[in-house]
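Chain residues, written in single-letter form:
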Amino acid sequence: MAHRSPTVRWAACLLGVTLLLQSACSNEKVNPPRKAQDAAPQVAAEYTQVLADPDPAEWLTHGRTYDEQRHSPLTRINPQNLSRLGLAWYFDTGQYRGHEATPLVHDGVMYLTSTWSNVFALDARTGQQLWAYDAAVPRAMGRMACCDVVNRGVALWQDAVIVGTIDGRLVSLDASTGRERWSVKTTPDDVHYTITGAPRVVKGLVIIGNGGAEFGVRGFVSAYHAATGELAWRFYTVPGDPQQPVENPALLAAIPTWSGQWWTMGGGGTVWDAMAYDPELNLLYVGTGNGAPWSRHHRSPGGGDNLYLSSILALNPDDGSLVWYYQTTPGDNWDYTATQHIMLADLPIDGELRKVLMQAPKNGFFYVLDRASGELISAEKYALVTWASHIDPDSGRPVETAAGQYSASGGLVYPSAIGGHNWHPMAYSPQHQLVYIPKQDMAAVHAIETDFEVRRGTFNTATFVASSLLSELPERPIPREYLQAWDPVAQQEAWAVNHADGPNGGVLSTASGLVVQGNALGELNFYAADSGQLLHTIALEIGMIAPPITYELNGEQYLTIVAGAGGAGVRQAEQLRHKLNVGRVYTFKLGADLPLPEVPDKPAIDVTPPETFGTPEQLVAGEELYRRHCQRCHGG
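Residues numbered from 1 in each chain as written. Predicted model: local features only at pLDDT ≥ 70, side-chain atom pairs only at ≥ 80, totals over all residues. Heavy atoms only, no water.

Caption draft 1: Representation of the overall build of the chain in the model. When you go through the chain residue by residue, the secondary structure sums to 8 helices and 40 strands. Among the 636 residues that make up the chain, the fraction classed as buried is 62%. Across the chain, every contact between residues at least 6 apart in sequence was considered, and the portion connecting residues at least 24 apart equals 62%. When the accessible area of the chain is evaluated, it comes to approximately 23400 Å², of which 52% is carbon and sulfur surface. Side-chain charges of the chain comprise 44 positive and 65 negative groups, with the mean position of each set lying 2 Å from the other. (Helix = DSSP H or I, 4+ residues; strand = E, 2+ residues; numbered from the N terminus. Buried < 20%, exposed > 50% of the residue type's maximum accessible area, 1.4 Å probe, protein only. Contact = heavy atoms within 4.5 Å. Areas by Shrake-Rupley, 256 points an atom, 1.4 Å probe, with all protein chains shown as cover. Lys, Arg positive; Asp, Glu negative; His and termini not counted. Charge placed at Lys NZ, Arg CZ, Asp CG, Glu CD.)

Caption draft 2: Main features of the sheet that holds strand 30 (residues 444-448). Taken together, 3 strands build an open sheet; the order of strands is 27-30-31 and the sheet is antiparallel. Whereas interior strands pair on both sides, the edge strands pair on one side only; in this sheet they are strand 27 (411-413) and strand 31 (463-465). For this sheet, the mean inter-axis angle between neighbouring strands, taken without regard to orientation, is 40°. Where strand 27 lies against strand 30, 3 bridges are found, and the strand directions are antiparallel. Pairing of Leu412 across the sheet is with Val445, part of strand 30. (Pairing = 2+ DSSP bridges. Axes fitted to C-alpha atoms, helices over the stretch in contact; angles between N-to-C directions.)

Caption draft 3: Expanded view of the pattern of salt bridges. Throughout the structure, instances matching the rule amount to 23 salt bridges. Among the ionic pairs, Arg584 bridges to Asp92, the shortest N-O distance being 2.6 Å. With Arg584 in strand 40 (residues 584-590) and Asp92 in strand 2 (residues 85-92), this pair connects stretches of sequence that are 492 residues apart. Note on Arg584: relative accessible area 4%, which makes it buried. Among the residues examined, Asp92 registers a relative accessible area of 35% and is labelled partly exposed. Put simply, Asp305 and Arg397 hold a salt bridge, and the shortest N to O gap is 2.8 Å. (Salt bridge = Lys/Arg side-chain N within 4 Å of Asp/Glu carboxyl O.)

Caption draft 4: Structural view of the nonpolar core. By size, the foremost hydrophobic cluster in this structure holds 107 residues, and its most contacted members are Trp233 and Leu524. Dropping the residues within four chain positions of it, Leu524 is found in contact with Val516, Gln517, Gly518, His536, Thr537, Ile538, Leu540, Met544, Leu559, Ile561 and Phe588. Counting 26 residues, the second largest nonpolar core, distinct from the first, contains Tyr326, Trp387, Ile391 and Ala444. (Core = buried A, V, L, I, M, F, W, Y, C linked by side-chain atoms within 4.5 Å.)

Caption draft 5: Region of the structure containing the sheet that holds strand 7 (residues 155-157). Taken in spatial order, the 4 strands of this open sheet run 7-8-9-10, and their pairing is antiparallel. Strands with a single pairing partner mark the edges of an open sheet, and in this sheet they are strand 7 and strand 10 (180-185). Strand-to-strand twist in this sheet, taken as the mean axis angle between neighbours without regard to direction, amounts to 20°. The pairing of strand 8 (residues 160-164) with strand 9 (residues 169-174) spans 5 bridges and is antiparallel. If you follow Gly164 over to strand 9, its bridge partner there is Leu170.

Caption draft 6: Here's a closer look at the confidence of the model for the chain. On average, the chain scores 90 in pLDDT, and the residues at 70 or more come to 91%. Across residues 1-39 the pLDDT falls below 50, and counting only partners more than four positions away or on other chains, this stretch makes 75 contacts in the model. (pLDDT = per-residue confidence, 0-100.)

Caption draft 7: Molecular detail of the environment of Val445. By secondary structure assignment, the location of Val445 is in strand 30. In this structure the C-alpha to C-alpha distance between Val445 and Val465, which are 20 residues apart in sequence, comes to 5.5 Å. Non-local contacts of Val445, meaning those with residues more than four positions away in its chain, are made with Gly411, Leu412, Phe464, Val465, Ala466, Leu469 and Leu470.

Caption draft 8: Structural context of the state of the cysteines. Following the criterion strictly, the structure yields 1 disulfide and no others. One disulfide bridge connects Cys146 with Cys147, the sulfur atoms lying 2.0 Å from each other. Judged by relative accessible area, which is 25%, Cys147 ranks as partly exposed. (Disulfide = S-S within 2.5 Å.)

Caption draft 9: Region of interest: unusual backbone geometry. Cis peptide bonds are those with omega within 30 degrees of zero, and the linkage from Ala292 to Pro293 qualifies with 0°. The residue after Tyr414, namely Pro415, is reached through a cis peptide bond having omega -10°. Counting through the fold element by element, Pro415 comes out in the loop between strand 27 and strand 28 (427-429). In this model, Lys203 sits at a positive phi of 55°, which is unusual for a non-glycine residue. By the element assignment, Lys203 lies in the loop between strand 11 (200-202) and strand 12 (205-208). Accessibility expressed as a relative area gives 35% for Lys203, which makes it partly exposed.

Encoded structure:
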């Protein structure tokens, strides 16, 4: 049975408050549209429809369609002819770090990003470079990025290519030449924000969020006019100083759910990845991130849900007002972001076709919500979870367990901060009504940092890895990663493939019954969508974390993936550690026979340590700094 949670009931009350306070508490900097924008509303509406229902031969937006299903209707590449799939072309980006981009394809041109937010336009038939844009990101930004200087791709709007940069800019480029049309700074300069996510464009507005919660920032999502770069609206996801005027009415309900002086620590709630849009309901869905700092003991010592951390928000894209929200992890204490892939579909629930929103966030529960109202339909564990026993169907809230709590001496919990599912996009097959999740079972050992003080320019999680507790465990928990097919109606696993040496890559599904995924072993794998049977493998010798796409030109179907491992929690596979981590775009088609290019070995370097690193005091201090601030991502 479906239930409406208190969080959803509150939204109806908020509408009345909004009407009363809108004039005094409007969203930050809402600019009247310019005359040039007023002159072409029909054009914007028509292009929005193109993105909502694109030509199956093209890949025009991040998830191919606004519903973010990452499902292609193309069928020329199918289980029967995979042996004929060969390399059509490849392109090297010139970078050797994490590549997470989803390429977009329009009118025979492929647009993609690489490390450091650089943009390339390639001939989608041959891979020939048409133009390149160097975002000129200061390299010092590398240490301000939580999880590598990655970028997940561009947005297309009419004749513009729009990219967010790691140093917080939003840039519009001429699609024909790569020439910069406008550039706006979307984040403040005095704190450490970053942008790694792909923008989305809805009704002529470019929607962009940001990251940086680990560095102590306050989350928000913004909309800019695609034609001019002018700010249209901004929605702050957590309240600021309660002595100051609120930026939007929804924050009036959020303030009582916080305690202490959270605003001096940032608060968090950054919108760094997931978005989806329903044109029929005119609702923009965004996922919000973890608290800043992670530990609620420091962030909000008096307790509270800390709205709108770790939540799914339904916003009116015209003005940024909140319509409803659902909080997946109230009072988040574990870095359980809800920024993971948001997907829309129509599913048969209890004999009725429901318009649903689906998400598998970090916290390990798979959520199915009514996307019109935010009502919880169901939520079940898709990964190994110990922090909560279940989601209460009446309240929509998790029931936390003692195992999920941790103190200064530490505690072990599943999932880890890497999550049961991280940023890697999942996919959906309408034919099989299955969601394909890059799933992982990993443990975390959190401990409260009792002497925590905010340190600008570095991680401010107020937690650290309790090495002493790890050493006491009889057996170190082994991370395990899977490609999992999940039935969202039955809320149970349909099948799963265990990756021997993780980690996962993003996923694509096709109407021919294929599920395609790259992995850190350098394997591009093709699975049967109904059973998970491995049908075909192409060995590329470069780790892959980005999702594949497919498109069609002149009656030929192509399949593209961007290779290059990196990012948070990504371990390079043992058998590839001698290989150079080349950023490379591979494109395949039936009948092509270009030999796979060689992946060069890493150059030999002298790794002999000097006899003396420093004084005994420096060694102790260095070990402590590493344990507190580096070990959770880089290992022991």
